[in-house]
Amino acid sequence: MRQKRYKMNKKEFELNRIIDVAISCCKSESTIITKEDILGKSRKEECVWARTIVVALLSSGGYLTSTIATALNRTTPAIRHLMKLDTSLRRTSRAYRIAYEEACILAKSENR
């Protein structure tokens with residue numbers, strides 16, 4: 001019996017691409033981040049940063065808060081909290097700003 005291959009639509013492809021970009025920007029030598037960490041409930045600092053970057057990139061890309069919540073297995077208030085966290089971290093954390101800017105550059109360059 002042949003199994004049907006699941007074909008991703010453009011929205012799912014973009015989401016996976018942005019998750020991969022965030023993982024590459026937030027990983028460190030001592031920790032490994034996976035998609036399961038971002039989509040799961042991990043509270044490791046690197047995972048929270050990567051999740052926050054994913055939310056910020058998707059939000060700036062025009063995705064609705066409810067769509068982002070569904071894609072990341074979160075509630076809409078949780079996504080709003082991550083948006084506020086993004087604003088706060090951009091103001092206070094130089095390391096987060098570097099990771100966010102790197103993610104923005106990678107997301108734009110891979111989009112072409």
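As a reminder, the structure under discussion sits directly above these lines.
Here the structure is a predicted model, which is why all the values come from computation and not from measurement. (Residues numbered from 1 in each chain as written. Predicted model: local features only at pLDDT ≥ 70, side-chain atom pairs only at ≥ 80, totals over all residues. Heavy atoms only, no water.)

A.B. asks: Would you explain the overall build of the chain in this entry?
C.D. replies: When helices and strands are counted, the chain shows six helices and zero strands. Ordered by position in the sequence, the α and β elements of the chain form the string α-α-α-α-α-α. Relative to its length of 112 residues, the chain is compact, with a C-alpha radius of gyration of 14 Å against a globular reference of 13 Å. Counting every position in the chain, which comprises 112 residues, the buried fraction comes to 38%. Restricting the contact set of the chain to residue pairs at least 6 apart, pairs at least 24 apart contribute 55%. (Helix = DSSP H or I, 4+ residues; strand = E, 2+ residues; numbered from the N terminus. Rg over C-alpha atoms; globule rule 2.2 N^0.38 Å. Buried < 20%, exposed > 50% of the residue type's maximum accessible area, 1.4 Å probe, protein only. Contact = heavy atoms within 4.5 Å.)

A.B. asks: Looking at this model, I keep getting lost on the packing of aromatic side chains. Mind explaining?
C.D. replies: Ring pairs (aromatic) are described by centroid distance and by the angle formed between their planes. Applying the stated rule across the entire model yields two aromatic pairs. With centroids separated by 6.4 Å and ring planes inclined at 20°, the aromatic side chains of Tyr96 and Tyr100 adopt a geometry described as stacked. Residue Tyr96 and its partner Tyr100 are both found in helix α6 (residues 94-111); the two are separated by four residues, about one turn of the helix. Tyr100 shares its class with Tyr96; the two are buried. Members of the aromatic cluster, joined through ring pairs, are Trp49, Tyr96 and Tyr100. Its end group placed over the ring of Tyr100, Arg90 keeps NZ or CZ at 3.9 Å from the ring centre. (Phe/Tyr/Trp six-rings, centres within 6.5 Å; stacked < 30°, edge-to-face > 60°. Lys NZ or Arg CZ within 6 Å of the ring centre and 35° of its normal.)

A.B. asks: Help me understand the environment of Asp86, please; the structure alone is not making it clear to me.
C.D. replies: Examined against the element boundaries, Asp86 turns out to sit in helix α5 (residues 76-92). Overall, the relative accessible area of 5% leaves Asp86 in the buried class. Considering only alpha carbons, one finds Asp86 and Tyr96, 10 residues apart in sequence, at a separation of 8.8 Å. Beyond its immediate chain neighbours, meaning those up to four positions away, Asp86 contacts Thr52, Ala56, Tyr96 and Tyr100. Among the polar contacts made by the side chain of Asp86, one reaches the side chain of Tyr96 at a distance of 2.6 Å. (Polar contact = N/O pair within 3.5 Å; in protein donor to acceptor, adjacent residues only side chain to side chain.)

A.B. asks: Explanation requested: helix α1 (residues 10-26) in the structure shown.
C.D. replies: Along an α-helix, residues three or four positions apart point the same way, because every turn accommodates 3.6 residues. A rise of 1.5 Å per residue sets the reference length of α1, with its 17 residues, at 24 Å; its end C-alpha atoms lie 24 Å apart and thus fit the reference within 8%. Capping of α1 at its N-terminal end is provided by Asn9; its side-chain oxygen lies 3.1 Å from the backbone amide nitrogen of Lys11. (Expected span 1.5 Å × (residues − 1).)

A.B. asks: When you look at unusual backbone geometry in this model, what are you seeing that I'm missing?
C.D. replies: With the exception of glycine, most residues fall at negative phi, and the peptide bonds are largely trans. Although it is not a glycine, Asn73 sits at a positive phi angle of roughly 60°. Secondary-structure assignment places Asn73 in the loop between α4 (65-71) and α5.

A.B. asks: Honestly, the pattern of salt bridges in this entry has me stumped. Any pointers?
C.D. replies: Here the structure, examined in full by the defined rule, presents three salt bridges. Note that Glu14 is salt-bridged to Arg17, the shortest N-O span being 2.6 Å. You can see Glu14 and its partner Arg17 sitting in helix α1, three residues apart, about one turn around the helix. Salt-bridge contacts for Asp20 lead to Lys35; the nearest nitrogen and oxygen are separated by 3.6 Å. On the criterion of sequence distance, the pair formed by Asp20 in helix α1 and Lys35 in helix α2 (residues 35-39) is long-range, its members being 15 residues apart. (Salt bridge = Lys/Arg side-chain N within 4 Å of Asp/Glu carboxyl O.)

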